[in-house]
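Architecture at a glance
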Amino acid sequence: MIGVFRPSTGEWFLDNGNGAWDGCNTDSCLSNFGDQGDVPIVGPWNGGLQSLPGVFDRRTATWYVDANGNSALDGCELSTCAFVFGQAGDKPVVGDWTGTGQKRIGIFRPSTHSWYFDLNGNETLDKCKRTDLCKKSFGLAGDIPVVGDWSGTGKTKIGVFRPTTGQWILDLNGDIKMGKRCSGDFCVSSFGQAGDLPVVGDWDGSGTDNIGVFRPSTGDWLLDLNGNGVFEGCVVDLCYNFGQQGDLPVVGSW
Ligand SMILES: [Ca+2]
Ligand SMILES: [Ca+2]
Ligand SMILES: [Ca+2]
Ligand SMILES: [Ca+2]
């Protein structure tokens, strides 16, 4: 399901599944969760199945998450619901890196094209070789990281969206490397346009994640329902309108 975070007000609007805004009685609304400049990031922060809100402060690489699942950022001190993972300028991701059913955090560092994954779930970056996982050279400096289960194996894989070209490179074979001429991986030459923000979700409930974009200028969502990496219009693929200019998209199961 989709939703948006409104950085100007710290509000969240989460859709009930019909892809349309129906007001806070039907859809859900949260307030005072995040500030201007924060990146919204959802995850099962209380260990359940439900996606809960969180924000990543880009200046300090601090994550603030709804650890007790009450949709409020309350009593948040370091080690309870706030933690530092990454450094300034990093971009946050959440996924099941090991395929064991546990979603963990990670970051993409655009300056070095590196990825860091918290494999053991302690929200701390431990030794790359023994405990956590660090990988270099997937993506370019201007890329936006995306993660999803591109092949339906249960394990989350990485990818990048290149805003300047609308290009996507998805690590389909899960080796955290870009295949030569995209061999073994899935590359999309263009899905979305300049200004669009990438979104990933299992739009058709098949168990495999597909790509899509949120267009902040219009609140339009263009989702690749059939998973071929081509936008074929709203009849073949899926279109929603939810959110407004300046909103940031989130996808999860609310
Ligand atoms: Ca709705
Ligand atoms: Ca760790
Ligand atoms: Ca690969
Ligand atoms: Ca399509």
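All of the points below concern the structure found in this document.

Parameters at a glance
Residues numbered from 1 in each chain as written. Chains lettered and ligands numbered in written order. Predicted model: local features only at pLDDT ≥ 70, side-chain atom pairs only at ≥ 80, totals over all residues. Helix = DSSP H or I, 4+ residues; strand = E, 2+ residues; numbered from the N terminus. Rg over C-alpha atoms; globule rule 2.2 N^0.38 Å. Buried ≥ 20, exposed ≤ 12 C-beta atoms within 10 Å, placed from the backbone. Contact = placed C-beta atoms within 7 Å. Core = buried A, V, L, I, M, F, W, Y, C linked by C-beta atoms within 7 Å. Pairing = 2+ DSSP bridges. Axes fitted to C-alpha atoms, helices over the stretch in contact; angles between N-to-C directions.

Description of the overall build of the protein
When helices and strands are tallied, the protein shows one helix and 20 strands. The C-alpha atoms of the protein give a radius of gyration of 17 Å, which matches the 18 Å a tight globule of 254 residues would have. When its C-alpha atoms are laid out on the principal axes, the protein stretches across 50 × 50 × 30 Å. For the protein, the proportion of its 254 residues judged to be buried stands at 39%. Looking at the protein alone, contacts between residues at least 24 apart form 36% of all its contacts between residues at least 6 apart.

Brief notes about the nonpolar core
The nonpolar side chains of a soluble globular protein tend to be buried, and buried together. Core analysis: the biggest nonpolar cluster contains 58 residues, and Trp168 and Trp221 have the highest contact counts within it. Among all residues touching tryptophan 221, those that are not within four sequence positions of it are Ile2, Val199, Gly212, Phe214, Cys239, Tyr240 and Phe242.

Details of unusual backbone geometry
Non-glycine residue alanine 61 carries a positive phi angle of around 60 degrees. Along the chain, alanine 61 falls in the loop between strand 5 (54-57) and strand 6 (62-65).

Structural notes on the sheet that holds strand 20 (residues 248-251)
With respect to topology, four strands assemble into an open sheet ordered 3-2-1-20, the strand pairing being antiparallel. In the strand order of this sheet, the two ends are held by strand 3 (28-30) and strand 20, each with one partner. Ignoring strand direction, the axes of neighbouring strands in this sheet form an average angle of 20 degrees. The pairing of strand 2 (residues 11-14) with strand 3 spans three bridges and is classified as antiparallel. Bridge pairing links tryptophan 12 to leucine 30 in strand 3.

Some remarks on the pairing of strand 18 (residues 220-223)
Every other side chain in a regular strand lies on the same face of the sheet, so the side chains alternate between the two faces. In terms of strand pairing, strand 17 (residues 210-215) meets strand 18 through four bridges, oriented antiparallel. Following the sheet pairing, phenylalanine 214 is matched in strand 18 by tryptophan 221. Between strand 17 and strand 18, which pair antiparallel and follow one another directly, the connecting turn spans four residues, one of which, glycine 219, has a positive phi of 75 degrees. By the bridge criterion, four bridges tie strand 18 to strand 19 (residues 238-241) in an arrangement that is antiparallel. Paired with tryptophan 221 across the strands is tyrosine 240, a residue of strand 19.

Description of the pairing of strand 16 (residues 197-201)
A large share of strand 16 lies buried, amounting to four of its five residues. As paired elements, strand 16 and strand 17 share five bridges and run antiparallel to each other. Bridged to glycine 201 within strand 17 is asparagine 210.

Quick look at the environment of glutamine 102
Relative to the helices and strands, glutamine 102 resides in the loop between strand 8 (91-95) and strand 9 (104-109). The partly exposed category is assigned to glutamine 102, around which 14 C-beta atoms lie within 10 Å. Spatially, the C-alpha atoms of glutamine 102 and proline 44 are 8.8 Å apart, while their sequence positions differ by 58 residues. Among all residues touching glutamine 102, those that are not within four sequence positions of it are Asp96 and Gly121.

Focus on the sheet that holds strand 16
Spatially, four strands are ordered 16-17-18-19 in an open sheet, and the strand pairing comes out antiparallel. Both outer strands of the open sheet, strand 16 and strand 19, are each paired with one neighbouring strand and no more. Adjacent strand axes in the sheet meet at a mean angle of 25 degrees, parallel and antiparallel pairs treated alike.

Observations regarding the environment of glycine 205
By the element assignment, glycine 205 lies in the loop between strand 16 and strand 17. As a C-alpha pair, glycine 205 and leucine 49 span 156 residues in sequence and 16 Å in three-dimensional space.

Focus on the environment of tyrosine 64
Note on placement: tyrosine 64 falls in strand 6. Assessed through the 21 C-beta atoms surrounding it within 10 Å, tyrosine 64 is described here as buried. Sequence separation between tyrosine 64 and leucine 238 is 174 residues, and the spatial gap between their C-alpha atoms is 32 Å. Ignoring any residue separated from it by four or fewer positions in sequence, one finds tyrosine 64 in contact with Gly54, Val55, Leu73, Cys76, Cys81 and Ala82.

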